[in-house]
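# Geometric and topological summary
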Amino acid sequence: MIDSHTHLDLCEPPDAELVAAAEAAGVTRILTVGIDGASCRAALAAAEDFPQVFAAVGRHPNSARGFDDADLAELSALAAHERCVAIGETGLDFYRDSAPPAADQERAFAAQIDLARRTGKPLVIHTRAAERPTLEQLAAEADGVSVVMHCFSMPERLGECLRRGYAISFAGNVTYPSATDLADAARAVPEESLLVETDAPFLSPQPVRRERNQPAYVARTLEFVASLRGVEPPALGAAVAANGARIFGWPRP
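Residues numbered from 1 in each chain as written. Predicted model: local features only at pLDDT ≥ 70, side-chain atom pairs only at ≥ 80, totals over all residues. Heavy atoms only, no water.

### A look at the side chain of Q137
Checked against the element boundaries, Q137 lands in helix α5 (residues 131-141). Setting aside residues up to four positions removed in sequence, Q137 forms contacts with L92, E106, F109, A110, I113 and A142. (Helix = DSSP H or I, 4+ residues; strand = E, 2+ residues; numbered from the N terminus. Contact = heavy atoms within 4.5 Å.)

Take a look at the structure:
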């Protein structure tokens, strides 16, 4: 079993405790994701410290204000680290009025699409209140790039994402009783396109919703998705782990 998207630096317990708890729960690989320069460096440090942890480096759309060539140079240098296996999370987020200008977000997004192409690493997508422009920019600029739709949130566009070959990653919100559209999408995704994540410390699965999320809790989301699909959790965990190894290029445990 894997956690295909988490933020160790934002979680409250020390990394060693988080990784040990995840290991005890059967999690063999963790992708910890940067959203700005400092968190990218923290992600790489965690990946250096723990053999089961790997890093993604990127500039979140909410951190894209004023994105320029210096920011891209920093990301390019971080992406060259041997423990970096993905670029992102990046994309578009127009949810809040205080979000960076669309032009800044689009420029940062375009730069990271190009970085993913140049490095041959998958691109991890964040989108919120921006589904159509996100997919339009991907269609225009990301041909041939491996794309992971993190915390999948556009079930009405699932068919389009699958036709483009994108991996679909479900977070703890798929377990919420109100998220019937996400549950339907989790049933429909072909096994070879499926990933499961925590997005910790956010989006704790329903059985532990009152608690702060952590990588170990990906087991709860996996169990829920397995029940939706009528399969045993160990079988789905093995399939998702194989997908993670194929997409991110990390060694199988």
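### Some words on the sheet that holds strand β4 (residues 84-93)
One open sheet accounts for 8 strands, arranged β1-β2-β3-β4-β5-β6-β7-β8; its pairing is parallel. The open sheet has two free edges, formed respectively by β1 (2-6) and β8 (194-196), since each of these has just one partner strand. Each adjacent strand pair in this sheet contributes to an overall mean axis angle of 25 degrees, direction not counted. Summarising the sheet, strand β5 (residues 123-128) and strand β6 (residues 147-149) pair through 3 bridges and their orientation is parallel. Across the sheet, I125 pairs through a bridge with M149, a residue of β6. (Pairing = 2+ DSSP bridges. Axes fitted to C-alpha atoms, helices over the stretch in contact; angles between N-to-C directions.)

### Quick notes on the pairing of β5
Among the 6 residues of β5, 5 are classified as buried, and the element is accordingly described as predominantly covered. Strand direction decides the pairing type here: β4 and β5, joined by 5 bridges, are parallel. Opposite T90, over in β5, you have I125 as the bridge partner. Handedness of the crossover joining β4 and β5 through helix α4 (residues 102-119) is recorded here as right-handed. Note on the crossover from β5 through α5 to β6: the handedness is right-handed. (Buried < 20%, exposed > 50% of the residue type's maximum accessible area, 1.4 Å probe, protein only. Right-handed = clockwise from strand over helix to strand, strands pointing away.)

### Focus on helix α7 (residues 180-188)
Buried within α7 we find L182, A183, A185 and A186. Buried positions in α7, seen along its axis, are confined to an arc of 160 degrees and lie on one side of it. Residues of α7 that are buried make contact with α6 (158-163), β7 (167-170) and α8 (218-229). (Arc of directions from axis to C-beta.)

### A few points about the environment of E191
Assignment of secondary structure puts E191 in the loop between α7 and β8. Of the residues examined, E191 reaches a relative accessible area of 43% and is grouped as partly exposed. Sequence separation between E191 and D9 is 182 residues, and the spatial gap between their C-alpha atoms is 30 Å. Not counting residues up to four positions away in its chain, the partners in contact with E191 are R229, A239 and N243.

### Digging into the packing of α8 against helix α9 (residues 233-248)
Two elements in contact, α8 and α9, have axes separated by 9 Å at closest approach and are oriented at 105 degrees. Considering their axes alone, α8 and α9 lie roughly perpendicular with respect to each other. Where α8 approaches α9, its residues L222, E223, V225, A226 and R229 are matched on the opposing element by P233, L236, G237 and V240. Its residues assigned to classes, the contact of α8 with α9 shows 6 nonpolar, 1 polar and 2 charged. (Parallel < 35°, antiparallel > 145°, perpendicular 65-115°, else oblique. Nonpolar A, V, L, I, M, F, W, Y, C, P; charged D, E, K, R; others polar.)

### Comments concerning the pairing of β4
Taking burial as the measure, the 10 residues of β4 include 10 buried ones, the bulk of the element. In this sheet, β4 lies alongside strand β3 (residues 53-57) in parallel orientation, the contact comprising 3 bridges. For A55, the partnering residue across the bridge sits in β4 and is C84.

### Some thoughts on the pattern of salt bridges
Inspection of every chain in the model, using the stated rule, returns 10 salt bridges. With its nearest N and O atoms 2.8 Å apart, the salt bridge here joins D104 to R107. Of this pair, D104 and R107 both sit in helix α4, 3 residues apart, which is roughly one turn of the helix. Classification of D104 by relative accessible area gives buried; the value is 12%. A relative accessible area of 39% places R107 in the partly exposed class. Here R187 makes a salt bridge to D184, at a shortest N to O gap of 2.7 Å. Taken together, the residues R187 and D184, both in helix α7 and 3 residues apart, mark about one turn of the helix. (Salt bridge = Lys/Arg side-chain N within 4 Å of Asp/Glu carboxyl O.)

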